[in-house]
Amino acid sequence: MTRRAVVTGIGVTAPNGLGTEAYWAATLEGRSGIGPISRFDAAGYPVRVGGEVSDFTASDHVPSRLIPQTDNWTHLGLTAAAWALEDAAADPTAFPEYEMAVVTASSSGGTEFGQREIERLWSKGPSWVGAYQSIAWFYAATTGQISIRHGMRGSCGVICAEQAGALDAAGQARQLIRTGTRLVVTGGADASLCPYGVTAQYSNGRLSEGADPSRAYLPFDVGAAGYVPGEGGAMLVVENASDALARSAPVIYGEIAGYASTFDPRPGSGREPGLRRAMDLALSDAELAAGDVDVVFADAAGVPELDLQEATAISAVFGPSGVPVTAPKTMTGRLYAGGGALDLASALLAIRDGVIPPTAGVTELAPGCDIDLVRGAPREARVRTAMVLARGYGGFNAAIVVKQTS
Amino acid sequence: MEQLGSFTLDDLRDIMRACAGVTDSVDLDSAIDDITFEDLGYDSLAVLEMAAKLQNHLGVVIPDDVAEQLPTPRALAEYVNVRLAPEEQMPSPTPAAAAEAR
């Protein structure tokens, strides 16, 4: 019998809600977590608005031994992973340690931690740089700390593909389940709202310089002028369907039915970007037709040219306004490695509750963006199958199809 | 903790808490003098971090290979005390001194 990867647990640390249900309630109510950056004095920076996870205190959620040796990004990931396992009622001590794995995405690494250590280096000298810098900054830190904390010693890894990373991680999790791993923690988080992190992000030329939090990030809108960066993300517990049923997992949110990733042709080649191909490949991987998809969670770059590319790809696959499209990330900002994971969580919750969360702020679609963008209020709909799209800076595209399990 | 000299076990406890945290199952306020750092939940990186803090705050040089051979809080505190002249208990290190200490 084919092994099928299903999601049995969700943990969310998002700017507009800590915990899955808090996030979901806020998202359905259209409550945004985007506001003026408070973590540092951003007055002198071109980017002054962000999606901060402001009500998060690491010591409430992360063991004391782990706090000094890890970045805020890892604190958020550890917290989401623990919540996802709790949600799945999966006790890691009840699973063979080599049959559990962790695959997360990372985009910035531990920049806030790194900035602190670099400041010490400059102001006090090399001996003041902490030993933990060696393990806190690097991309695999969150995967490694989750693996150590929960005793998951199977095939662990980290994927760096900017905003597309968490979808690639979930695709890898599915592959591990298919090849015999019993449980995989997957997803991603990022937290790079420090001067060093924001400056690095700003170099891509896509960040919004808008000062009004409600108007700074308007994907597909005539007023689109970049995106707002955010922090946080989500973790998912993925298991083989029959194993999850056998252990009476409390919830099966849905199956990771299709996945594909593509890479863009070189800039200026004139060839079509890779997003549409990722969508087509994910659909055929899921053995589904475009008409089977009930909602698309868009990448929603917030950059006019990229919005048009995405709307064009969606229309090419589904027909003009052929499928409801939404971008709840308008209430969190783009979370980089956490973005695809949070969208996956939202897609699974949309399936659970039969409701499509709204896109905030967008009032007038840009010319050429012929999509049925869910706006203003959530839309009740029978959601059996959802597609999640993500594009990572540098040419990464990924698409995942999740579907209700019977 | 007189036997440990001017740098006390409580001073060390503060440094352990501040730079490496505490494992849930460990009570740092109990008699930890002769329990190994490993049994207290501190790996080699944690010990290096403590040694670096001691070095920066007290001016006592603890080379990495030496730090790795100080298995318990008592051994670490004694190493510090032997090298800590009474009048130099809490010097404020300058960047130059810190760089030199490396």
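Above this text sits the structure in question.
Here's what I pulled together on the structure shown here. (Residues numbered from 1 in each chain as written. Chains lettered and ligands numbered in written order. Predicted model: local features only at pLDDT ≥ 70, side-chain atom pairs only at ≥ 80, totals over all residues. Heavy atoms only, no water.)

### Quick word on the overall build of chain B
Point 1. A tally of helices and strands in chain B yields 5 helices and 0 strands.
Point 2. Along chain B, helices and strands appear, N-terminal first, in the series α-α-α-α-α.
Point 3. Here chain B holds 102 residues, and the buried ones make up 42% of them.
Point 4. Within chain B, contacts between residues separated by at least 24 positions form 57% of all contacts whose residues are at least 6 apart in sequence.
Point 5. Element-wise, carbon and sulfur atoms account for 51% of the exposed surface of chain B, whose accessible area totals about 5400 Å². (Helix = DSSP H or I, 4+ residues; strand = E, 2+ residues; numbered from the N terminus. Buried < 20%, exposed > 50% of the residue type's maximum accessible area, 1.4 Å probe, protein only. Contact = heavy atoms within 4.5 Å. Areas by Shrake-Rupley, 256 points an atom, 1.4 Å probe, with all protein chains shown as cover.)

### Quick look at the side chain of A:Ser346
Point 1. Within the secondary structure, A:Ser346 sits in helix H12 (residues 339-353).
Point 2. Aside from chain neighbours lying at most four places away, what touches A:Ser346 is A:Tyr23, A:Trp24, A:Phe297 and A:Pro328.

### Overview of the pairing of strand S16 (residues 396-403) of chain A
Residues and elements named next belong to chain A.
Point 1. When you tally the buried positions in S16, you get 6 out of 8 residues, the bulk of the element.
Point 2. Direction of pairing for strand S15 (residues 385-392) relative to S16: antiparallel, over a ladder of 8 bridges. Each bridged residue has a counterpart across the sheet, and for Thr385 the counterpart in S16 is Lys403. (Pairing = 2+ DSSP bridges.)

### So, the environment of A:Glu231
Residue and element names in this part refer to chain A.
Point 1. Summarising the element assignment, Glu231 is placed in the loop between helix H8 (195-202) and strand S8 (232-240).
Point 2. By relative accessible area, Glu231 is classed as buried at 0%.
Point 3. In the structure, Glu231 is positioned 77 residues away from Leu308 in sequence and 25 Å away in space, judged by C-alpha atoms.
Point 4. Residues in contact with Glu231, not counting those within four places in the same chain, are Thr13, Pro15, Arg39, Gly51, Glu52, Val53, Asn72, Asp190, Ala191, Leu193 and Leu335.
Point 5. Within the structure, Glu231 has its side chain in polar contact with the side chain of Arg39 (distance 2.6 Å). (Polar contact = N/O pair within 3.5 Å; in protein donor to acceptor, adjacent residues only side chain to side chain.)

### A short note on helix H6 (residues 141-150) of chain A
All names here are of chain A.
Point 1. For H6, the tally of buried residues reaches 7 of 10 residues, placing the bulk of the element in the interior.
Point 2. Considered for burial, the residues of H6 that qualify are Ala141, Thr142, Thr143, Gln145, Ile146, Ser147 and His150.
Point 3. Contacts from the buried residues of H6 go to helix H3 (72-87), strand S5 (100-105), helix H5 (133-136), strand S6 (157-159), strand S7 (183-190) and S8.
Point 4. After H6 finishes, the residue Gly151 shows a positive phi value of roughly 65°.

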